[in-house]
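For reference, the chains in residue letters:
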Amino acid sequence: MKEGRMKAVKVSAVTEMSKQETEIQIQRLIKWNWVEASIWTDNMLTALENGVKGGKWFSLIDKVYRKGTLEAAWLKVRSNKGASGIDKISIQKFECKQGQYLEELRRELQEGTYKPSAVRRVYIPKGQGKMRPLGIPTVKDRIAQQAVKAVIEPIFENEFLNMSYGFRPRRGAQEALQVVSELIEQGYTWVVDADLQSYFDSIPHDRLMTKVGERISDGRLLELITMWLKQAVMDECKSWSPTQGTPQGGVISPLLANIYLHDLDVKITSAGYKMVRYADDFVILTRTENEAKEALRLVQEWVSENGLSLNSEKTHLGNCMEEGQGFDFLGYRFESGKKWIRRKSIQKFRDRIREETSRVCGKAISAVIEALNPILRGWSRYFIYVTKYTLDTFDSFVRRRLRAIIAKQQKRRHFGAGELNRIIPNNYFAKLGLFNMGAYQARYMASQSR
């Protein structure tokens with residue numbers, strides 16, 4: 001009888017252990033379901049969570065040039081689309097010979113003969129007449145960067161803190177905005193709104209590689225990253241090699257930027273302050289003015305020690321519950337207990353709508369509406385939380401632009417907006433399927449109040 005009980009206890013213990021192991025396995029699958037499974041096997045994930053000897057990872061380059069890794073990287077690059085680099089090989093052209101191109105890349109990476117091409121420099125509107133420089137690597141180089149990113153990203157993600165949201169798996173701006181709103185509601189109303197001066201263009205290469213080298217000890221892989229940092233830039237007839245910064249437009253650039261700022265996350269969080277960061281855009285929320293001043297001092301100290309600088313004109317400290325002391329974050333304006341769309345974002349929206357609604361576009365009004373709807377849906381979903389203004393104002397602007405197109409096409413004479421509104425009422429556009437932002441927001445608010 002006693003022996004039977006002993007066996008039952010042993011079976012029960014084994015069963016309980018099996019349940020725990022199964023639960024751990026499930027939790028791991030949920031946590032790491034975004035990684036490339038062909039690279040990050042169960043054994044590697046176990047090593048990642050338990051820690052490797054010396055905290056450094058060796059012999060990773062073979063996982064980069066593995067055929068399956070490059071094929072997965074190509075699929076990711078293809079889905080992201082994008083323009084061609086200086087070799088003028090587009091996504092479509094690459095796809096026609098993908099087997100040949102991928103094999104060439106695999107062989108170059110394996111033999112150590114891979115050399116990245118120069119980055120094609122383009123400029124995109126930044127607002128207020130300014131232009132933002134952007135580098136476009138070749139499709140081949142984007143695939144190589146994506147392969148390296150797939151191999152090393154989990155190593156750093158395992159250490160990144162929860163308060164950073166930009167360019168990270170399963171995280172985004174909406175989550176960051178929600179956390180900021182919750183902190184303000186909890187009384188963290190003193191805010192340090194910091195702006196790093198030309199962050200992506202000023203990261204010191206040597207210090208960045210030192211940070212990467214704290215976890216990666218594969219010399220060939222580190223050499224690849226160094227080559228991309230020093231990748232030549234072609235701007236029309238001019239060419240140069242950067243001495244600092246990460247290549248904006250490069251696949252691996254956002255990860256490198258997060259790696260460099262991780263120590264700042266640790267410094268501020270360890271001091272007990274609430275910080276929310278999205279790439280190089282971050283705010284620190286405190287309960288008192290003195291705490292905010294001390295947090296700003298810590299930021300200034302870290303920035304100075306790490307070869308960066310703050311933009312004094314855009315960095316400020318204030319109580320966001322007071323009128324005139326609010327702050328902008330990820331397109332929203334937080335002030336006096338309300339949230340609304342910042343002016344720059346409104347201007348970008350209007351400019352984007354104007355691009356699609358030129359009075360001489362020559363398109364049928366149904367085709368114009370079809371092009372507008374994805375923009376309006378995306379805008380509505382992102383700015384669904386505004387409290388000071390509703391989105392009805394933007395619906396009016398869109399319909400006004402559409403009425404001007406119709407009037408031009410029909411050579412209709414009219415006497416002001418009121419006359420056009422009567423001739424072409426709102427329900428005319430509703431029947432054509434124009435997305436209504438105000439109605440979308442109203443439905444959302446109603447669902448939240450139930």
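Counting restarts for each chain: residues are numbered from 1 in the order of the written sequence. Totals for whole chains, interfaces and linings use every residue, but because this is a predicted model, local features are given only for residues with pLDDT of at least 70 and side-chain atom pairs only at 80 or more, for both listing and counting. Side-chain calculation: all heavy atoms of the structure are included, whereas hydrogens and water are not.

Caption draft 1: Structural detail: the sheet that holds strand E10 (residues 332-335). Paired strands are those between which DSSP finds at least two bridges. The helix and strand labels rest on DSSP assignments: H or I over at least four residues marks a helix, E over at least two residues marks a strand, and numbering proceeds from the N terminus. The strand order across the open sheet formed by three strands is E9-E10-E11, and the pairing between neighbours is antiparallel. A strand with exactly one partner marks an edge of an open sheet, and here the two such strands are strand E9 (327-329) and strand E11 (338-341). Adjacent strand axes in the sheet meet at a mean angle of 30 degrees when their direction is disregarded. Where E10 and E11 come together, four bridges link them in antiparallel fashion. Across the sheet, Phe334 pairs through a bridge with Lys339, a residue of E11. Throughout, an axis means a line fitted to C-alpha atoms (over the contacting stretch in the case of helices), and angles, computed between N-to-C directions, take values from 0 to 180 degrees.

Caption draft 2: Spatial organisation of the environment of Glu175. Within the fold, Glu175 resides in helix H8 (residues 173-185). According to the relative accessible area criterion, Glu175 is partly exposed, its value standing at 38%. For every residue, the accessible area (1.4 Å probe, protein chains only) is compared with the maximum for its type, and the residue is labelled buried under 20%, exposed over 50%, or partly exposed between those bounds.

Caption draft 3: Layout of the sheet that holds strand E7 (residues 281-286). Taken in spatial order, the four strands line up as E6-E7-E3-E8 in an open sheet, and their pairing is antiparallel. Looking at strand neighbours, the two that pair on one side only are strand E6 (274-278) and strand E8 (316-319), the edges of this open sheet. Between one strand axis and the next, the sheet turns by 20 degrees as a mean value, whatever way the strands run. In this structure, strand E3 (residues 190-195) lies alongside E8, joined through four bridges in antiparallel fashion. Of the residues in E8, the one forming a bridge with Trp190 is Asn319. When checking whether two residues touch, look at their non-hydrogen atoms; a contact exists if any pair is within 4.5 Å. Sheet contacts for H8: E6 and E7; angle to E6, the most-contacted strand, approximately 160 degrees.

Caption draft 4: Quick peek at the packing of helix H6 (residues 98-111) against helix H7 (residues 139-157). The geometry of H6 relative to H7 is characterised by a closest axis approach of 11 Å and an angle of 55 degrees between their N-to-C directions. Compared by their axis directions, H6 and H7 come out oblique. As for how H6 packs across H7, the hand of that crossing is right-handed. Contact with H6, carried on its side by Leu102, Leu105 and Glu108, involves Lys140, Ile143 and Ala144 of H7 and no other residues of that element. Residue composition of the contact of H6 with H7, grouped by class: four nonpolar, no polar and two charged. Angular relationships are summarised with four words: roughly parallel below 35 degrees, roughly antiparallel beyond 145, roughly perpendicular across 65 to 115, and oblique for the angles in between. Should the near helix be turned anticlockwise from the far one by less than a right angle, the crossing is left-handed, and should it be turned clockwise, the crossing is right-handed. Gly counts as polar in this scheme, as do all residues outside two lists: the nonpolar Ala, Val, Leu, Ile, Met, Phe, Trp, Tyr, Cys and Pro, and the charged Asp, Glu, Lys and Arg.

Caption draft 5: Unusual backbone geometry, seen in detail. At Ser59, a residue that is not glycine, the phi angle is positive and equals roughly 50 degrees. Looking at the secondary structure, you find Ser59 in the loop between helix H2 (42-50) and helix H3 (61-64). A positive phi angle, close to 60 degrees, is found at Arg170, a residue other than glycine. Counting through the fold element by element, Arg170 comes out in the loop between H7 and H8.

Caption draft 6: A look at the packing of aromatic side chains. Ring pairs are drawn from Phe, Tyr and Trp, using the six-membered ring of Trp, whenever the two centres fall within 6.5 Å, and their geometry is named by plane angle: stacked under 30 degrees, edge-to-face over 60, tilted for the rest. Scanning the model with the defined rule gives 19 aromatic pairs in all. A centroid spacing of 4.5 Å and a plane angle of 50 degrees characterise the contact between Trp379 and Phe383, whose relative ring orientation is tilted. According to the relative accessible area criterion, Trp379 is buried, its value standing at 11%. Since its relative accessible area comes to 5%, Phe383 is described here as buried. Placement of a charge over a ring requires the Lys NZ or Arg CZ to be within 6 Å of the ring centre, with the centre-to-atom vector within 35 degrees of the ring normal. Cation over ring: Arg287 sits above Tyr188, and NZ or CZ is 4.2 Å from the ring centre. Lying across the ring of Phe397, Arg350 places its NZ or CZ 4.5 Å from the centre.

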